[in-house]
Amino acid sequence: MKSIHTALLNLLIAFQVFIVFFLLFESRIYVPASLQVLGRAHPLLLHFPIVLLVLAWLLGCFGEKLDMGQALVKQLVYTLLLLTAWSAALTVVAGLFLSKEGGYEGPAFQWHKWTGVALCFLSAGLLWYHERTAVKRTKYPNLFRIGLSVLLVVLMMAGHFGAGLTHGADYLFEPVRGKKQKALDIEMAVVFPDLVYPILEAKCLNCHSPNKAKGGLILSDTTLMRQGGDSGPLWVSSSTEESLLIQRLLLDIGHEHHMPPKGKPQLTDEELALVQAWVASGADFEVPLSSVPPDDPIHRLAVAVYGAPNTEAYDFPAADAGTVAGLNSPYRVVKPIALGMPALTVGFYGKTAFTEQSLSELTAVGLQVVSMSLSGMPLSEKDRQTLGNFTNLQELILNDTPVDDRWCETLAALPKLRTISLSGTKVTETGLATLLALPKLKQVYVWNTQVGTDVLERLQQEHKNVTIEQGYRDDGQTILPLNAPLIKPASSFFEERATVTLSHPVAGVELRYTLDGSEPDSTHARLYKEPFTIDAATVVRVKGYKSGWFSSAETLKAFHPSANRPDRLFLLGPPNPGYKGRGAVTLVDLVSGGDNHADGKWLGFYGEPMNVSFHFDEAIHIDTIGISVKQQYGSHIYPPKVIQVWGGADSIGARLLTRVQPILEKPEKAPASQLVSIPAVGDAIRYLRLVVEPFVPIPPGYPAEGNPAWIFVDEITIN
Amino acid sequence: MKKDGMLEKEVEQARLYENRRQFLSRLSIGIGSAALGSLLIPDLFSGKGGDSDGPAPGIPHFAPKAKRVIYLFQSGGVSQLESFDGKPKLREMMGQDLPESVRGGQRLTGMTAGQASFPLVGSYYDFAQYGKSGAWVSSAFPHMAKIVDDLCIIRSLHTDAINHDPAITFFQTGAQQGNRPSMGAWLSYGLGSENQNLPAFCVLVSKGRGNGQGVYAKLWTNGFLDSVHQGVQLMGGPDPVLYLGNPPGTDKVSRRKLFDKLAELNLLQFEAFGDPEITAKVQQYEMAYRMQTSVPEVTDLSKEPDHIVKLYGPDCLVPGTYAANCLLARKLSENGVRFVQLYHQGWDQHGNLPNEMATQAKDVDQASAALVTDLKQRGLLDETLVIWGGEFGRTSYCQGRLEFNNYGRDHHPRCFSVWMAGGGIKPGIVYGETDEFSYNIVKDPVHVHDFHATILHQLGLNHEKLTYRHLGRRYRLTDVAGTVVKDILV
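Keep in mind that what you see is a predicted model, and the values were worked out from it rather than measured.

1. As for the overall build of chain A
Within chain A, the regular secondary structure consists of 19 helices and 23 strands. If one aligns the C-alpha atoms of chain A with their principal axes, the spans along those axes are about 155 × 70 × 60 Å. In chain A, which comprises 719 residues, the proportion classed as buried is 45%. Split by element, the accessible area of chain A, about 36,100 Å² in all, is 57% carbon and sulfur. Put simply, chain A has 60 plus and 69 minus side-chain charges, and the middle of one group is 11 Å from the middle of the other.

Rendered as C-alpha cells:
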C-alpha cells in the first residue's frame, strides 16, 4: 500500500510539474494527434475527481460520526484525497490538451481552466496538509474541513463553467427562466436580427460564440460572421449551393460535418428554409422584412417559425361572462372571438327587432367589442353617439344603413378601426376623406354610395396603404339577354276555355305575344297587359323586351281544348307497371306530362298497343281526336305507328272511323312532344275506342332500330 | 439438524423476504408499466383529461378568419381539363394512347374498364392566362377568369373514391360510407348559428342541363350529432321552406300558444325519458316560429335592384336556378347563416362533353363570379369562405366517341381543381401542379382531409379537437387524417 501511495504521489508531482510547464509555454505547445485522443477523454475523466472529492469531503467533515475506527477514516480520507488530486491532475492535463484544439477563447473558458488547475493544486496542497498535521490528531482540525469545503466550492465552479462551455451559458436555469420569445412584430421586423439570428442563437451559439468557437467561427457578431471560420467564409454570393453555411446545414445527418452536430438540437425544416431564403436573398444584415418582395417565401416562413403576427394581445380586461350572456338575444349575438379571448364580436339580426336600446345596451361591454355588424339596421342619431363609446372597435360593417357623413366624423375618433364597410349608405367623399385619416385603417368598402369613381381613384392614389373597394358599377356597357318569359297555366289542355297569364321575373319587362303561330317582335305583336282567355287550339308565343337588355328567347306553348269529356273510360290492356300514372284517368285529367316521363303524368306502353275505350252517357258528335305523345328517340320513345279510331253507339256496334299513320319525323327534327291530331268524324257516338300501336320493331335509320318502341301518352282530347 | 422451532423462524423470515421481494418486483413492474404508458400516451399523467367529450363550446378555438362558408358544390365531377388545368400536350397527343407509366395502375371505373384503348383527347376550349398570378382558365368560364385575382385555384386536390356516391359523400362527410355528419352539421355543432332566426346550415339544389347525378339528404345529414344540426333544404319556388307558413285559419298568436303548450308537454316527456331528441324538437319548433318572419324576408328576391340582377344574370330571379341560388346564398350568408351549401348537378360528362360543358358553364360562370364580387363589395368576402368545386376530376383519355368537338371523359380521382375565395385564403394564387397529362400530381398534393382541415382552420377550429364520441370512439370531420395547408393561408 505504501508503495502504491508513493508511486501515486510521485506521479502526482510529475503531473503537476507538467501542468506548470504546459501553462507557462502554452502558446508554443503543439499537441500531436495521439495525445488529442487523451484530450478528448477530458469529459470522461472529470467525473472521477468529482466523486472522489465529494466522498473525501463527506468523510473528512463527518467521518467522526461514523461507527468506524478513526484510523480507518483517516486512511480513507488520505486515499481519497490522493486519488482526487491525482485524477484532477490527469483531468487537467487532458483538459489542456483539449483546449489546444482551438476554439476556446472566451472568459468562461478561462474561468474553467483556472478553477480546474486550482482544484488540482489545492487538493495536492490539502493532501500535504493532511499528512503534516491532521494525521497526528484525533479529530481533523477545522482548517482541514474548511479546506475541504473550499475545494468543493472550487470544484462546483469548475464544473459549472465547464458545463457552460458545453451546453451554453444559461444552461442551468433555462427551463425556469422560460423562453423569452417576444412575439414577432411583422411590420417592424428586420430580417436578420429578428428572424435569422434567433435561430442561430438557439441552435448554433453554444459552440460558435466567443467563449467557444469551434472551427474558429463566431456567429454572435456580424463582422466575425462575415469573415467566417477556419474552413472559409459562410457564403460567397447569394448562391445557396456555394454557401458553406447552407452546405453544412443540408448535409446528411450522419455526415461528420453536418451542422448542428448529431445529438444536438437540429434545425426544423422551416428554420432551415428560412436561413436558406435569407442567404439566397443576399445575406443582408439590415434589410427589413417589409422591403422583401411579397412573393418571397421568407414571409410565409417567418409566420411558420415565429407564429402568426396577429395573435394580438388585447390590452383590456375580459367582460363579465354573465353580462355577456345577458346581452344575447335571438336578434343580437355577442360572443368572444375565440376561446379565452376578451375581445367580443357583435352581430344584429332582424331589423324589425332593432330598438333604441339595442345598441346602447352594449355600452356595458363597450371596451371589449372589437368587431360589430350593424348591416341593414335602422340606426338613429342616438346610435351615432353611442358608437363613440366603442373605442376598441377594429371592424365595423354598416352596409345599407342610414349612415352619412356625420357618422364618419364619429368613426374617425375610433383609433383602432381597421376595416369599415359603408356599402349602400349615404356617405359622400367628404365623409370618406375624414375616415381615411384613421391611422390603422386598412380597408374601406364604398360600393353603391354617392362617391364617384374618379374621386375614389384619386383618394386611392393619395392613400396607398388603404384599400378602397368600390365594387361592381353598372357602366351600362354590359348588355345581357333577358331570360325567357313564363306562360301559365302549366298544362296544355283545357276543357272549354283557359286563362293564360304571361309573366317575366325581371321587373319592367314588356311582353309581346302572338296567338296565331307567328313569331312575336317588339312592334307588331300584341303587348301583354293582363291575362287573356282562349277557347280554341292556340299556340302562344311570347318574347320579353326591356331597354338596356337584349330581347329574351322565345317561349312557346300550344294549348289544346278537349271539349267532350267521357263519363267513363277503361284501359283494355294495362300500361307498363313503371309508368301507370293514375290509371286510365291520367288520359283525361287535363294535366300535361312534364319532361320526365316518370313523373306520373304519362302512361307508358312497351311494345304493346294502347287500347282505351271511352263511354259517353249522352251521344256526342266528334270531329277530331288528339293524342299527346312524347318523343325521345334516344330513349326508344317513338310516336305511334298506327292509330285506329273505332266509334259507335256501343261496343258491339262500333265501326272503324279512321285509321292513320302519324308522320315519323327524322331524329333531328322530332319535337319533344306533339299532339297527333286525327280527323275522325262521327255522329251519335256513345262508345269510342282507340287502338294505338307502337313501332315494333323501330325502323332502320332511327336510334335503337330493331328494338320495340315505347309509347308515352299523357292526354287524349276529344272534340 | 435444526429443530422445528428454529426452522420456523427461518421459514417466517423466508416468507417475509419472499413478500418483500415480490412486493418490490411487482412495484417495479407497476412503475415500469406506468412509465411505459406515459411514453406511449403522452398526456396520461397531465391531468388534462384529453379532449372534452361533451358538447363543443360554440366558440372558435382560436381567432377565426372566416365566420361563414358558402360551398358551391358542382356535382358530377367538373372536368379540370376544360376549366382550370389546361394541358396543351393533350392536344398535341390527340388520339394517342395514355402511356402506362403515367397511368401507374390507377383503377378504372366499370364504364371504361372495357375499353380497348385509352386515347388522349385535348380540350375543345382554349386556355389563356389571367390576372397577376397568370392562372390558366378556359374560355368556357370568362367571368371567373375576370375575378381570378380574388381566387385561390388549387389544382392538386385528390380523393380516394372513383364513383359519385362515395366521392360526394367523402367530400361532404369525411368518409366514403354514409351516415356521418356532414360538414355543415359539424360547423353547426362546433360554432352554432350566428342568427338564431335562421338555420345554421342551409342547402340549395339546382339541376343542370348536363348529365346529372342525384344529390340526397344523406349529404346534409346530421349523422350521429343532434338533429338540430342537419341541413335545411330551401326549395325553389314560392314556398322556400316547406310547411313553414301558418295553415289556413290559424294566426301567429295561436301558433305561439300552441308552441308554448307543446313545449310544456315535451318537457314532461323529456323529464321522464331524457331523450335529447325531444329538446332538439322543441328547439326546431322555436326556430321554425322565428323563421316564419325571417325566411320570407331573406328569400324575397323581387326587390333586388337592377344592377344586382345584371351582376348575377337575369336567371337570378327565377327560383330554382343556380343563379337564383347564388343570390339567395349571399342573402342568407349576409344574415348570419353559418354554412350555405349549393349543389349544381349535371357535370358528369361521359359523353358530349364540349356541348354540355358549355351549357353547364353558362349556368354557373356568371353567378359564381358575381357571388364573389357581391360579397367583396359589401365587405363580407374576408369573413366568408367561398368554395367552388366538384367531387373528382375527369380523365385525360376519352370515353366513347372521339372527335375534336364531341368526346367524353371518365372519372378521375387523382387530381382535380377547386377554387376558394375569401375567408382568409390568399387571393390571386394558384396552388399545386399536375403533370402534363393532368393525371398525377407533381407538387403540393391536397387530400380531401387536408381540405377539410384547412376549412375548419379558417373558421377558427382545430380539426383535431372538434370531436364527438360515438360508438366508443371519438369522431371528427377529418377522421384520423388531415393537415392544414398553410401555404394558401394569408
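2. Some details on the overall build of chain B
If you tally the helices and strands in chain B, you get 12 helices and 17 strands. Its C-alpha atoms give chain B principal-axis dimensions of about 110 × 70 × 40 Å. The proportion of buried residues among the 490 residues of chain B is 53%. On chain B, roughly 21,000 Å² of surface is accessible, and the fraction owed to carbon and sulfur atoms is 55%.

3. Side note on the interface of chain A and chain B
On the chain B side, the residues contacting the 38 residues of chain A number 42 residues. For the chain A and chain B pair, buried surface summed over both sides reaches about 3,300 Å², with 57% attributable to carbon and sulfur atoms. Its largest share of buried area at the contact with chain B, chain A owes to Tyr349, Trp447 and Tyr472 of chain A, together 19% of the area lost on that side. Linking chain A with chain B are 3 salt bridges, by the criterion used here. Between Asp306 of chain B and Lys546 of chain A there is a salt bridge whose closest N-O contact spans 3.4 Å. Put simply, the parts of the chain that give the side of chain A that touches chain B at least two residues each are strand S1 (332–336) and strand S6 (443–445) of chain A.

4. Re the packing of aromatic side chains
A ring pair, where both rings are aromatic, is described by two values, the distance of the centres and the angle of the planes. Residue and element names in this part refer to chain B. Per the counting criterion, the structure on display carries 49 aromatic pairs over all chains. Seen from their ring centres, Phe171 and Phe451 are 5.8 Å apart, and the 75 degrees between their planes marks the pair as edge-to-face. In this pair, Phe171 is assigned in helix H5 (residues 164–173) and Phe451 in helix H12 (residues 448–458), connecting sequence segments 280 residues apart. Exposure remark for Phe171: the relative accessible area of 0% places this residue in the buried category. Relative accessible area serves as the criterion here: at 2%, Phe451 is assigned to the buried category. Between Phe224 and Tyr468, the aromatic rings sit 5.7 Å apart at their centres with planes inclined by 15 degrees, giving stacked as the arrangement.

5. Examining the nonpolar core
The biggest cluster of nonpolar side chains holds 83 residues, and the ones touching the most others in it are Leu502 of chain A together with Phe141, Leu332, Trp388 and Trp419 of chain B. If you tally residues by element for this core, the top one is helix H11 (residues 353–377) of chain B, at 10 residues. If we ignore the near neighbours within four places in the chain, the residues touching Trp388 of chain B are Leu72, Gln74, Val78, Phe84, Phe141, Met144, Tyr322, Trp347, Val364, Ser368, Val418 and Trp419 of chain B. Counting 45 residues, the second-largest nonpolar core is a separate cluster that includes Leu157, Ala185, Phe224 and Leu385 of chain B.

6. Structural notes on the pattern of salt bridges
Pairing between side chains becomes possible if they bear opposite charge and their charged atoms approach one another. For the coordinates displayed, the defined rule picks out 41 salt bridges over all chains. Note that Glu26 of chain A and Lys113 of chain A form a salt bridge whose closest N and O atoms lie 2.8 Å from each other. Placement of the pair is Glu26 of chain A in the loop between helix H1 (2–24) and helix H2 (33–40) and Lys113 of chain A in helix H6 (residues 107–132), with a sequence separation of 87 residues. The class of Lys113 of chain A is buried, set by a relative accessible area of 11%. For Glu403 of chain B, the salt bridge goes to Arg401 of chain B, with nearest N and O atoms at 3.8 Å. Judged by relative accessible area, which is 36%, Glu403 of chain B ranks as partly exposed. Sharing partners across several salt bridges, the network here consists of Asp400 of chain A together with Glu304, Arg330, Lys331, Glu334, Asp374 and Arg378 of chain B.

7. What about the packing of helix H5 (residues 70–99) of chain A against H6 of chain A?
Residues and elements named next belong to chain A. It is the contact of H5 with H6, at a shortest axis distance of 9 Å, that shows an interaxial angle of 155 degrees. In terms of their interaxial angle, H5 and H6 are classed as roughly antiparallel. In this structure, H5 crosses over H6, and the sense of that crossing is left-handed. Taken together, the residues of H6 that come into contact with H5 (itself represented by Lys74, Val77, Tyr78, Leu81, Leu82, Ala85, Ala88, Ala89, Val92, Leu96 and Ser99) are Phe109, Lys113, Gly116, Val117, Cys120, Ser123, Ala124, Leu126, Leu127, His130 and Glu131.

8. Some remarks on a nonpolar patch on the surface
The grouping of Ile50, Val51, Val54, Leu55, Leu58 and Phe62 of chain A at the surface amounts to a nonpolar patch, some 460 Å² of accessible area in total. By the element assignment, Leu58 of chain A lies in helix H4 (residues 47–62).

9. Focus on the sheet that holds strand S15 (residues 555–561) of chain A
Residues and elements named next belong to chain A. Strand order in this open sheet of 5 strands is S9-S15-S14-S11-S12, and the pairing throughout is mixed. Lying at the two open borders of the sheet, with one neighbouring strand each, are strand S9 (493–494) and strand S12 (526–527). Taken together, the 2 bridges between strand S11 (residues 510–514) and S12 define a ladder with antiparallel strand orientation. From the neighbouring strand, Arg512 faces S12, where its bridge partner is Leu527.

10. Notes on the packing of helix H7 (residues 252–273) of chain B against helix H8 (residues 276–299) of chain B
Residue and element names in this part refer to chain B. At a closest axis distance of 9 Å, the pairing of H7 and H8 adopts a crossing angle of 170 degrees. Judged by the inter-axis angle, H7 sits roughly antiparallel to H8. Seen from H7, the contacting residues are Lys252, Arg255, Arg256, Phe259, Leu262, Ala263, Asn266, Gln269 and Phe270; seen from H8, they are Pro276, Ile278, Thr279, Val282, Tyr285, Glu286, Tyr289, Gln292 and Thr293. Here the residues of the contact of H7 with H8 sort into 9 nonpolar, 5 polar and 4 charged.

11. Quick word on the side chain of Thr91 of chain A
Residues and elements named next belong to chain A. In this fold, Thr91 is placed in helix H5. According to the relative accessible area criterion, Thr91 is buried, its value standing at 6%. The residues contacting Thr91, other than those within four sequence positions of it, are His42, Leu45, Leu46 and Pro49.

12. Topic: H12 of chain B
Residue and element names in this part refer to chain B. Taken across its 11 residues, H12 has 10 buried, putting it largely inside the fold. Within the span of H12, buried status applies to Val448, His449, Asp450, Phe451, His452, Ala453, Thr454, Ile455, Leu456 and Gln458. Gly460 lies just past H12 and shows a positive phi near 85 degrees.

13. Details of the domain arrangement of chain B
The parts lose accessible area when they come together, and the size of an interface is often stated as this lost area. What the domain assignment lists for chain B is domain 1 (5–40) and domain 2 (68–488). Using only C-alpha atoms to locate each centre, domain 1 of chain B and domain 2 of chain B end up separated by 64 Å.

14. Some remarks on the pairing of strand S23 (residues 710–718) of chain A
All names here are of chain A. Of all 9 residues making up S23, 9 are buried, and the element is well covered by its neighbours. Direction of pairing for strand S18 (residues 603–606) relative to S23: antiparallel, over a ladder of 4 bridges. Along S23, the bridge assignment pairs Phe605 with Ile711. Here strand S19 (residues 610–630) runs beside S23; their pairing, made up of 5 bridges, is antiparallel. Counterpart to Gly626 in the pairing with S23 is Thr717.

15. A word on the sheet that holds strand S10 (residues 498–503) of chain A
Residues and elements named next belong to chain A. Read from one edge to the other, the open sheet built from 3 strands follows the order S8-S10-S13, with strand pairing classed as antiparallel. At either margin of the open sheet sits one strand with a lone partner, and together these are strand S8 (486–488) and strand S13 (532–534). In this sheet, adjacent strand axes meet at a mean angle of 30 degrees when their direction is disregarded. Pairing between S8 and S10: 3 bridges, direction antiparallel. Residue pairing across strands places Lys488 opposite Thr501, the latter belonging to S10.

Thresholds, definitions, all that
- Residues numbered from 1 in each chain as written.
- Chains lettered and ligands numbered in written order.
- Predicted model: local features only at pLDDT ≥ 70, side-chain atom pairs only at ≥ 80, totals over all residues.
- Heavy atoms only, no water.
- Helix = DSSP H or I, 4+ residues; strand = E, 2+ residues; numbered from the N terminus.
- Buried < 20%, exposed > 50% of the residue type's maximum accessible area, 1.4 Å probe, protein only.
- Areas by Shrake-Rupley, 256 points an atom, 1.4 Å probe, with all protein chains shown as cover.
- Lys, Arg positive; Asp, Glu negative; His and termini not counted.
- Charge placed at Lys NZ, Arg CZ, Asp CG, Glu CD.
- Contact = heavy atoms within 4.5 Å.
- Buried area = accessible area lost by both parts, 1.4 Å probe.
- Salt bridge = Lys/Arg side-chain N within 4 Å of Asp/Glu carboxyl O.
- Phe/Tyr/Trp six-rings, centres within 6.5 Å; stacked < 30°, edge-to-face > 60°.
- Core = buried A, V, L, I, M, F, W, Y, C linked by side-chain atoms within 4.5 Å.
- Axes fitted to C-alpha atoms, helices over the stretch in contact; angles between N-to-C directions.
- Parallel < 35°, antiparallel > 145°, perpendicular 65-115°, else oblique.
- Left-handed = near helix turned anticlockwise from the far one by under 90°.
- Patch = residues over 30% accessible without salt bridge, like charges linked within 9 Å, V, L, I, M, F, W, Y side chains within 5 Å.
- Pairing = 2+ DSSP bridges.
- Nonpolar A, V, L, I, M, F, W, Y, C, P; charged D, E, K, R; others polar.
- Domains from an automatic or database assignment.

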